[in-house]
Number of protein chains: 2
Amino acid sequence: MQIGLMGFGTIGSGVYELINSKFNDIRVKKILVRGLHGRSENLFTTDKDEILRDDDIDTIVIAIGDDAVSYEIATEALKRGKNVVSANKEIVVNHLSEFIKLANENNVKFRFESTVGAGLPWIKTLCEYGKINNISKVYGNFNGTSNFILDMMKRDGIDFKEALLKSRILRYQEPDYFDDITGVDSRNKLIISMMLAFNKFVVPKDIPTYGIQNIRSLDFGFFERHKLTPKLMSYAMIDNDKVAAIVAPTLYEQSTLRANVRGNNNMLGMVGDVIGEVQIIGAGAGKYSASNGVLLDLLEIINGDDIKLTLPERVTIDETRITHRFYFSFDQSSYKIERILLPYVHSIFETQDSFVITTRNISLDTCIDLLEKIEDTDERFFFAVYGDEEIS
Amino acid sequence: MQIGLMGFGTIGSGVYELINSKFNDIRVKKILVRGLHGRSENLFTTDKDEILRDDDIDTIVIAIGDDAVSYEIATEALKRGKNVVSANKEIVVNHLSEFIKLANENNVKFRFESTVGAGLPWIKTLCEYGKINNISKVYGNFNGTSNFILDMMKRDGIDFKEALLKSRILRYQEPDYFDDITGVDSRNKLIISMMLAFNKFVVPKDIPTYGIQNIRSLDFGFFERHKLTPKLMSYAMIDNDKVAAIVAPTLYEQSTLRANVRGNNNMLGMVGDVIGEVQIIGAGAGKYSASNGVLLDLLEIINGDDIKLTLPERVTIDETRITHRFYFSFDQSSYKIERILLPYVHSIFETQDSFVITTRNISLDTCIDLLEKIEDTDERFFFAVYGDEEIS
């Protein structure tokens, strides 16, 4: 196997190291970089077309952040009859159908194991289990940075900004950490998982997405008193071809499995009609975990495993399928907020500097209406799914 | 693919159902049963040789409990150029090398995904990750029945006998439940995992194996006070080609992931130098989970994935590599016991009807010496690894 490696950042350099230290039958022939900075032109180039035109190169690894360039490389490489392994998530979210078609037409493979849960065995498990099972749910704590932040706030009692800073120092986050904490990265991973598990595609903006950016130390006071642990969860279900999905912080009872996924780890879960529930836990980010994911794809291509991806069908979302309790917290009580939430209140907790309302069981679409009304009031608030039981 | 299905008990009938309901390209041509009981001779037979001699049949699924017959079927089928999928664990533990050799010589495959963790993606993950990683640890809560019993004792406050009875009613256990509660089933699964992860084979009797059969409600009193949760764990590590292993109840702090694996679930874990720690959780037993495992093997054979198994090397065990605290509990204090354990004591807890000694950190081989001495005293006792931290 001869590789054209597009990008030499965290993931690209990790893949290169790993191939050189462990695999004699894989050769990285050429590496795309932004600037040569004195590196050898034998191995490095700043011209992607030099790599794409090279007939010796049978497989392209995309490890660059620029979505437009990644898309261009993927389509061009597939058309030229090269296998493509993408570590770029966005292009998988937005163009998977096109890539599958092109790969099938050109009798090559398009793979993307590292885009969800990095090196954890997730994409392949979904593909293989999907052949045996009707998968009815996929969910996950898909973002290591937000898990790290929430875990530190809980354990060390520090506030959001300090925890965010520590996570940045430890380099857990995606290039744009805003995507981590607002749930956008999690949503992308959920969409990819849904395409494989349900064979359905939902456009990103249709999935209600709430992050952890507004969580306060005061919220942790509430959680501690009620023995809850917050996790940024992504969740999707399918029932009679109707899909429901949400990305939101979720409050789990302290002595559940999900509450005890620590640090930078991901939890990836699915429910199938034959296997039941399967959960995979491990480092879902980081140089070597992601490189492990890319190598899994490369070995699968070498081994000739013939997993056929099917084209996901585009569907709209039906949020009446999820009902749950929800948690809203504000800096102070306000008449406007109370008027909006009062018909749905389960409990109200008021202290000097915090005002918390939990709802009784309501449908997610009702909750989304409420969220829109609250957003209109301009109040700063933190929202979560209130999970006495695990969301289901 | 044309299947000869050996056995029509829980797993055999599950596999048959699943194939018929979901797979058009797989046909079960003949099924081996003990007695026909009026069933059609077109599909059923009591003669295994009729199936083995049938040239239309390319793949044999072994789903019978009799180890000698299973072994005979596996070797004969491989020699005749048929793929073999074994749901029988014992023959994999005792003859894997021979099966791999025969399969390679005859250019067919030998697979056994369902033997550890039933349908969970474990065997294949170990094989694939082993190509990318040096795997230094494998461990697991490999037995659903014992997990179910311990979970019920903790949650419902019932005693061991009642919990065992409930688990039997719910049919979670292996045909011989003695293997479940004494750790023998767990040990078999650990040995299979070690062969794949480390490429080493340790004979079963060399692995110190302690079960849950002597646990009492009184022990749960101690656990509750010290915020611990017991799990029957199997654990193996490799370091500079030296292997250490143990199967024993292990006491985890309540708010750890491992303490919160519930009911009938398994947890399967590994540590690799590239991926870090990966843990897989789900139903590791039951008709459909096991059938899911067999189907994974069949689809892998159909897809032509070319995973090469290597011959595990037989090694002896070096228990000096594991050091830990340990827990001993007795019905009453005794001078003999005190004399044996005194040099290693960390704490002693005595109540009217229980006498508990925890040790300081000692090496596992020292601990095994102590266990042998205690066994000589004829005292009934419960033994566990005392895991303030997770065993490592």
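Residues numbered from 1 in each chain as written. Chains lettered and ligands numbered in written order. Predicted model: local features only at pLDDT ≥ 70, side-chain atom pairs only at ≥ 80, totals over all residues. Heavy atoms only, no water.

**Quick notes on unusual backbone geometry**
Most peptide bonds are trans, and most residues other than glycine sit at a negative phi.
Residue and element names in this part refer to chain B.
Working step 1: The backbone phi angle of Asn 107 is positive, close to 55 degrees, even though this residue is not glycine.
Working step 2: With respect to the helices and strands, Asn 107 occurs in the loop between helix H4 (89-105) and strand S6 (110-111).
Working step 3: Residue Asn 107 is classed as exposed on the basis of its relative accessible area of 72%.
Working step 4: Not every positive phi belongs to a glycine, and Ala 118 is a case in point at roughly 50 degrees. (Helix = DSSP H or I, 4+ residues; strand = E, 2+ residues; numbered from the N terminus. Buried < 20%, exposed > 50% of the residue type's maximum accessible area, 1.4 Å probe, protein only.)

**Considerations on the interface of chain A and chain B**
Working step 1: Every contact between the two is made by 40 residues of chain A and, on the other side, 40 residues of chain B.
Working step 2: Note on chain A versus chain B: buried area summed over both sides is about 3300 Å², and carbon and sulfur give 54% of it.
Working step 3: At the junction of chain A with chain B, the criterion picks out four salt bridges.
Working step 4: Residue Lys22(A) pairs with Asp273(B) through a salt bridge whose shortest N-O separation is 2.9 Å.
Working step 5: At the junction of chain A with chain B, the criterion picks out 14 residue pairs in polar contact (both at pLDDT 80 or more).
Working step 6: Within the residue set of the side of chain A that touches chain B, elements represented by two or more residues are helix H1 (10-22), helix H5 (123-132), strand S12 (276-283) and helix H11 (287-303) of chain A.
Working step 7: Class assignment for the residues of the side of chain A that touches chain B results in 18 nonpolar, 13 polar and nine charged.
Working step 8: Pairing geometry for S12(A) and strand S12 (residues 276-283) of chain B, over five bridges, is antiparallel. In the sheet register, Gly282(A) faces S12(B), and the bridge partner there is Val278(B). (Contact = heavy atoms within 4.5 Å. Buried area = accessible area lost by both parts, 1.4 Å probe. Salt bridge = Lys/Arg side-chain N within 4 Å of Asp/Glu carboxyl O. Polar contact = N/O pair within 3.5 Å; in protein donor to acceptor, adjacent residues only side chain to side chain. Nonpolar A, V, L, I, M, F, W, Y, C, P; charged D, E, K, R; others polar. Pairing = 2+ DSSP bridges.)

**With respect to a nonpolar patch on the surface**
Working step 1: There is a patch of nonpolar side chains on the surface, built from Leu165(A), Ile169(A) and Leu170(A) and spanning about 320 Å² of accessible area.
Working step 2: The topology assignment puts Leu165(A) in helix H7 (residues 160-169). (Patch = residues over 30% accessible without salt bridge, like charges linked within 9 Å, V, L, I, M, F, W, Y side chains within 5 Å. Areas by Shrake-Rupley, 256 points an atom, 1.4 Å probe, with all protein chains shown as cover.)

**A few points about a negative patch on the surface**
Working step 1: On the surface, Asp365(A), Asp369(A), Glu372(A), Glu375(A), Asp376(A) and Asp378(A) cluster together to form a negatively charged patch.
Working step 2: In this fold, Asp376(A) is placed in helix H13 (residues 364-376). (Lys, Arg positive; Asp, Glu negative; His and termini not counted. Charge placed at Lys NZ, Arg CZ, Asp CG, Glu CD.)

**Section: the UniProt feature "domain: Aspartate/homoserine dehydrogenase NAD-binding" (unreviewed entry) in chain A**
Working step 1: Following the UniProt record, the feature "domain: Aspartate/homoserine dehydrogenase NAD-binding" (unreviewed entry) maps to residues 7-113 of chain A here.
Working step 2: The straight-line gap between the two end C-alpha atoms of residues 7-113 of chain A is 17 Å; of that span, 45% is helix and 17% is strand. (UniProt positions renumbered as here; feature names shortened; annotations may be inferred.)

**Description of the nonpolar core**
Working step 1: Of all hydrophobic cores here, the largest spans 208 residues; its most connected members are Val138(A) and Val138(B).
Working step 2: Core analysis: the next-biggest nonpolar cluster, separate from the first, contains 66 residues, Ile340(A), Ile374(A), Phe381(A) and Met237(B) among them. (Core = buried A, V, L, I, M, F, W, Y, C linked by side-chain atoms within 4.5 Å.)

**Notes on the domain arrangement of chain A**
All names here are of chain A.
Working step 1: According to the domain assignment, chain A consists of domain 1 (2-111) and domain 2 (120-284 + 310-391).
Working step 2: The straight-line distance from the C-alpha centre of domain 1 to that of domain 2 is 33 Å.
Working step 3: In this complex, domain 1 contributes nine residues to the contact, which on the side of domain 2 involves twelve residues.
Working step 4: Buried area between domain 1 and domain 2, both sides added, is near 920 Å², and the carbon and sulfur share of it is 70%.
Working step 5: The largest per-residue losses of area from domain 1 upon contact with domain 2 belong to Lys 89, Val 93 and Leu 96, which jointly make up 56% of the total buried on that side.
Working step 6: At the surface where domain 1 touches domain 2, the tally comes to one salt bridge.
Working step 7: A salt bridge links Lys 89 to Asp 185; the nearest nitrogen and oxygen atoms lie 3.2 Å apart.
Working step 8: At the boundary of domain 1 and domain 2, one finds two residue pairs in polar contact (both at pLDDT 80 or more).
Working step 9: Grouping the amino acids of the side of domain 1 that touches domain 2 by side-chain chemistry returns four nonpolar, two polar and three charged. (Domains from an automatic or database assignment.)

**A look at H1(A)**
Working step 1: The end-to-end C-alpha separation of H1(A) is 18 Å, in line with the 18 Å expected for 13 residues at 1.5 Å each.
Working step 2: Listed in full, the buried residues belonging to H1(A) are Gly12(A), Ser13(A), Gly14(A), Val15(A), Leu18(A) and Ile19(A).
Working step 3: In this structure, the buried residues of H1(A) make contact with strand S1 (2-6), strand S2 (27-32) and H11 of chain A together with helix H5 (123-132) of chain B. (Expected span 1.5 Å × (residues − 1).)

**Describing the sheet that holds S2(A)**
Residue and element names in this part refer to chain A.
Working step 1: Spatial ordering of the open sheet is given by S3-S2-S1-S4-S5-S6, a layout of six strands whose pairing is parallel. Edge strands, defined here as strands with exactly one partner in the open sheet, are strand S3 (44-45) and strand S6 (110-111).
Working step 2: As paired strands, S1 and S2 are joined by five bridges and run parallel to one another. When the bridges of S2 are listed, Met 6 appears paired with Leu 32.
Working step 3: Contacts from H11 reach S1, strand S4 (59-62), strand S5 (83-86) and S6, with the element oriented near 160 degrees to S5. (Axes fitted to C-alpha atoms, helices over the stretch in contact; angles between N-to-C directions.)

**Thoughts on the packing of aromatic side chains**
Residues and elements named next belong to chain B.
Working step 1: Taken as a whole and judged by the stated rule, the model has 32 aromatic pairs over all chains.
Working step 2: Ring geometry for Phe 222 and Tyr 327: centres 5.1 Å apart, planes at 55 degrees, overall tilted. Of this pair, Phe 222 sits in helix H10 (residues 217-225) while Tyr 327 sits in strand S14 (residues 323-330), and the two are 105 residues apart along the sequence. Note on accessibility: Phe 222 and Tyr 327 belong to one class, buried.
Working step 3: Seen from their ring centres, Phe 330 and Phe 355 are 6.2 Å apart, and the 45 degrees between their planes marks the pair as tilted. Highlighted residues: Phe 330 in strand S14 and Phe 355 in strand S16 (residues 354-359), separated in sequence by 25 residues. Each member of the pair, Phe 330 as well as Phe 355, is classed as buried. (Phe/Tyr/Trp six-rings, centres within 6.5 Å; stacked < 30°, edge-to-face > 60°.)

**Quick look at the pairing of S4(A)**
All names here are of chain A.
Working step 1: In S4, alternate side chains face the same way, and those of Thr 59 and Val 61 on one face and Ile 60 and Ile 62 on the other are all buried.
Working step 2: With four bridges connecting them, S1 and S4 associate as parallel partners. By the bridge assignment, Leu 5 is partnered in S4 with Val 61.
Working step 3: Here S4 runs beside S5; their pairing, made up of four bridges, is parallel.

**With respect to the pairing of strand S5 (residues 83-86) of chain B**
All names here are of chain B.
Working step 1: Where burial is concerned, the two faces of S5 agree: the one with Asn 83 and Val 85 and the one with Val 84 and Ser 86 are both buried.
Working step 2: This β-α-β element, strand S4 (residues 59-62) to helix H3 (residues 67-79) to S5, shows right-handed connectivity.
Working step 3: Relative to S6, S5 is paired through two bridges, and the arrangement is parallel. Paired with Val 85 across the bridge in S6 is Arg 111.
Working step 4: The parallel pair S5 and S6, bridged by H4, forms a crossover whose chirality is right-handed. (Right-handed = clockwise from strand over helix to strand, strands pointing away.)

**Observations regarding the pattern of salt bridges**
Working step 1: For the coordinates displayed, the defined rule picks out 43 salt bridges over all chains.
Working step 2: Its salt-bridge partner being Arg155(B), residue Asp151(B) comes within 3.3 Å of it at the nearest N-O pair. Pair noted here: Asp151(B) and Arg155(B) are both in helix H6 (residues 144-156), with a separation of four residues, about one helical turn.
Working step 3: A single network of salt bridges, built from pairs that share partners, joins Arg111(A), Lys124(A), Glu300(A) and Glu128(B).

**Remarks on the relation of the copies chain A and chain B**
Put simply, the second copy of the chain is the first one after a rotation about an axis and a shift along it.
Working step 1: Overlaying chain A with chain B gives an RMSD of 0.0 Å, the required rotation being 180 degrees about an axis along which the chain moves by 0.0 Å. Within this description, the copies of the chain are treated as partners about a two-fold rotation axis.
Working step 2: Both copies present the same face, since 100% of the interface residues in chain A are matched by interface residues at the equivalent positions in chain B. (Least-squares fit on C-alpha atoms with pLDDT ≥ 70 in both.)

**Here's the deal with the environment of Ala77(A)**
All names here are of chain A.
Working step 1: Its location among the elements puts Ala 77 in helix H3 (residues 67-79).
Working step 2: Judged by its relative accessible area of 0%, Ala 77 falls in the buried class.
Working step 3: In this structure the C-alpha to C-alpha distance between Ala 77 and Phe 220, which are 143 residues apart in sequence, comes to 49 Å.
Working step 4: With residues near it in sequence (within four places) discarded, Ala 77 still touches Leu 52, Ile 60, Lys 82 and Val 84.

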